[in-house]
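Here is what each chain is made of, one letter per residue.
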Amino acid sequence: MLHSKNFDFSFSGLKTAVLYLIRDLGGIEKINEETKAQIAFEFENAAIECLVHKTAKAIEKYKVKTLIVAGGVAANQQLRHEMEKLTREK
């Protein structure tokens, strides 16, 4: 998704990759808490990377002066941090 020319995003492929990883590791009941936490952490990082990248492209293309991050996703501290960093850079 990072290399597409549009601003669309979908995490269905990422979710499928996680599903297959969990299946390949023997199923959710076979995975220890540390591994579950690492999978969740990497999922979060991948989603945030995509959101920040696509937002940066939109800011550049449309010469955005104000960015508002709202809704449930705005509760994510790491996303807020990365968006704040992005807006300081622009």
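Along every chain, residues carry numbers that run from 1 in the direction the sequence is written. Thresholds applied to this predicted model are a pLDDT of at least 70 for local features of residues and 80 or more for the giving and counting of side-chain atom pairs; totals over whole chains, interfaces and linings are not thresholded and use all residues. As a rule here, side-chain values cover all heavy atoms of the structure and leave hydrogens and water aside.

1. Overview of the overall build of the protein chain
In step 1: A run of H or I in DSSP becomes a helix once it reaches four residues, and a run of E becomes a strand once it reaches two; helices and strands are each numbered from the N terminus. Counting its secondary structure elements, the protein chain contains three helices and zero strands.
In step 2: Shown N-terminal to C-terminal, the secondary structure of the protein chain runs as helices and strands in the order α-α-α.
In step 3: Here the globule rule is a power law, 2.2 Å times the number of residues to the power 0.38, and the radius of gyration is based on C-alpha atoms. Whereas a compact globule of 90 residues would reach a radius of gyration of roughly 12 Å, the protein chain reaches 16 Å, over 25% beyond that.
In step 4: Taken over the C-alpha atoms alone, the protein chain extends approximately 50 × 25 × 20 Å along its principal axes.
In step 5: Throughout this description, buried means an accessible area under 20% of the type-specific maximum (1.4 Å probe, protein chains only), exposed means over 50%, and partly exposed covers the range between. For the protein chain, the residues scored as buried account for 22% of the 90 residues in total.
In step 6: Excluding contacts between residues fewer than 6 apart, the proportion of contacts in the protein chain whose partners are at least 24 apart in sequence is 66%. By definition in these notes, contact holds between two residues if any of their heavy atoms fall within 4.5 Å.

2. Observations concerning the side chain of Lys-54
In step 1: Within the secondary structure, Lys-54 is located in helix α2 (residues 33-62).
In step 2: Polar contacts, as counted here, are pairs of nitrogen or oxygen atoms within 3.5 Å of one another; within protein the pair requires one atom able to donate a hydrogen and one able to accept it, and residues that are adjacent in sequence qualify only if both atoms are side-chain atoms. Of the polar contacts made by the side chain of Lys-54, one reaches the backbone oxygen of Asn-6; its length is 3.0 Å.

3. Concerning the environment of Ala-47
In step 1: Structurally, Ala-47 is set in helix α2.
In step 2: For Ala-47 and Glu-84, which are 37 residues apart along the polypeptide, the C-alpha to C-alpha distance reads 16 Å.
In step 3: The contact partners of Ala-47, leaving out residues within four places of it in the chain, are Phe-11 and Leu-14.

4. Some remarks on a nonpolar patch on the surface
In step 1: Patch construction takes residues with relative accessible area above 30% that form no salt bridge. Like charges are linked within 9 Å, and nonpolar side chains (Val, Leu, Ile, Met, Phe, Trp, Tyr) are linked within 5 Å. Values of accessible area rely on a 1.4 Å probe in the Shrake-Rupley scheme; residue burial ignores everything except the protein chains shown. A pair is scored as a salt bridge if a Lys or Arg side-chain nitrogen falls within 4 Å of a carboxyl oxygen belonging to Asp or Glu. Taken together, the side chains of Tyr-62, Val-64, Leu-67, Val-69 and Val-73 define a hydrophobic patch exposed on the protein surface, amounting to about 390 Å² of accessible area.
In step 2: As for its placement among the helices and strands, Val-69 is situated in the loop between α2 and α3 (77-89).
In step 3: A residue is classified by how much of its surface remains accessible, and Val-69, at 31% relative accessible area, is partly exposed.

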